[in-house]
Amino acid sequence: MKSIYGCILLAFVAVSGRTEDTKYEPYSEQLVKKAETGDADSQLRLGDLYERGEGVNLNLEAAAKWYGKSAKQGNAKAKFFLGRMYYKGNGVEKNLEKAKELWETGAEQGDMWCQYFTGVLYQEKSGVVALAGQKELFLPSPHFEQNLNEAKKWYAKSAAQGFQPAAEALRKIADFEAKRKSFNK
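Everything numeric in this text was worked out from a predicted model, so none of it was measured.

A. The arrangement of the packing of aromatic side chains in detail. Counted under the stated rule, the structure contains twelve aromatic pairs. With centroids separated by 4.8 Å and ring planes inclined at 55°, the aromatic side chains of W113 and F163 adopt a geometry described as tilted. Of this pair, W113 sits in helix α7 (residues 112-123) while F163 sits in the loop between α8 (148-160) and α9 (164-183), and the two are 50 residues apart along the sequence. With respect to burial, W113 and F163 carry one shared label: buried. Ring centres of Y116 and F117 lie 4.8 Å apart, and the angle between their planes is 85°; this geometry places the pair in the edge-to-face category. An identical accessibility class is assigned to Y116 and F117; each is buried. Aromatic ring contacts, followed pair by pair, group Y67, F80, F81, Y87, W103, W113, Y116, F117, Y155 and F163 into a single cluster. One cation-aromatic arrangement involves K69 over W66; the distance from NZ or CZ to the ring centre is 5.7 Å.

Here it is, written out as structure tokens:
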């Protein structure tokens, strides 16, 4: 059975593959040269263009390659996008541990998307999914250790940067915990 998170990720972020600070430089030989000489932002942009098929043929393997080069240089946005590819198995072999590793390191760097999805991974086994506009879904997962406190920590960091889905996730967890507490009385 496919994880609901793959569907959520697809609907939530893969619509454009961009975040607010992705540079919109079009595909060009100059961009390729900058990426080849090690410019992490150009590598990120090239990965985005290949993933979207914008100005170049869609090529998920090439997208993963360029995201990987940028991520190795510490680019947190590249870690988010490459982590998403590993999570879904797009352009790379599906590897949830690698996705978690990338998102956690990006989260530690302060990227709100990485923080949010690190929270999702920690929450995944806790029994409630808390995304804006979603009903509470109870989906245990064998992939990660449940740690609702870690989930809340990462959601709070993301929400502090104004990321509304993270704030909604915190609210849903608080509601869930209140219901569980009243049920146990």
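B. Structural detail: the packing of α8 against α9. Interaxial distance between α8 and α9 falls to 8 Å at its minimum, and their mutual angle equals 145°. Of the two possible hands of crossing, α8 and α9 adopt the one that is left-handed. For the pair formed by α8 and α9, the contact residues are L148, K152, Y155, A156, S158 and A159 on the first element and A166, A167, A169, L170, I173, E177 and R180 on the second. Grouping the amino acids of the contact of α8 with α9 by side-chain chemistry returns nine nonpolar, one polar and three charged.

C. How the structure looks around the environment of N149. Within the secondary structure, N149 is located in helix α8. Residue N149 is classed as exposed on the basis of its relative accessible area of 54%. Along the backbone, N149 and Q123 are 26 residues apart, and their C-alpha atoms lie at a distance of 8.6 Å.

D. Looking closely at the pattern of salt bridges. All told, the structure shown has eleven salt bridges when counted by the stated rule. R45 is the salt-bridge partner of E54, the closest N and O atoms lying 3.2 Å from each other. With a relative accessible area of 2%, R45 lands in the buried category. For R171, the salt bridge goes to D175, with nearest N and O atoms at 2.6 Å. Of the two residues, R171 and D175 both sit in helix α9, four residues apart, roughly one turn of that helix. Among the residues examined, D175 registers a relative accessible area of 31% and is labelled partly exposed. Overlapping salt bridges bring together R45, D48, R52 and E54 as one network.

E. Fine view of the confidence of the model for the protein chain. With 76% of its residues at a pLDDT of 70 or more, the protein chain shows a mean pLDDT of 82. Across the protein chain, the element-wise mean pLDDT spans from 40 in helix α1 (residues 4-12) up to 98 in helix α4 (residues 60-72). The low-confidence segment residues 126-141 (pLDDT under 50) makes 39 contacts with residues lying over four places distant or belonging to another chain.

About the criteria used
Residues numbered from 1 in each chain as written. Predicted model: local features only at pLDDT ≥ 70, side-chain atom pairs only at ≥ 80, totals over all residues. Heavy atoms only, no water. Phe/Tyr/Trp six-rings, centres within 6.5 Å; stacked < 30°, edge-to-face > 60°. Helix = DSSP H or I, 4+ residues; strand = E, 2+ residues; numbered from the N terminus. Buried < 20%, exposed > 50% of the residue type's maximum accessible area, 1.4 Å probe, protein only. Lys NZ or Arg CZ within 6 Å of the ring centre and 35° of its normal. Axes fitted to C-alpha atoms, helices over the stretch in contact; angles between N-to-C directions. Left-handed = near helix turned anticlockwise from the far one by under 90°. Contact = heavy atoms within 4.5 Å. Nonpolar A, V, L, I, M, F, W, Y, C, P; charged D, E, K, R; others polar. Salt bridge = Lys/Arg side-chain N within 4 Å of Asp/Glu carboxyl O. pLDDT = per-residue confidence, 0-100.

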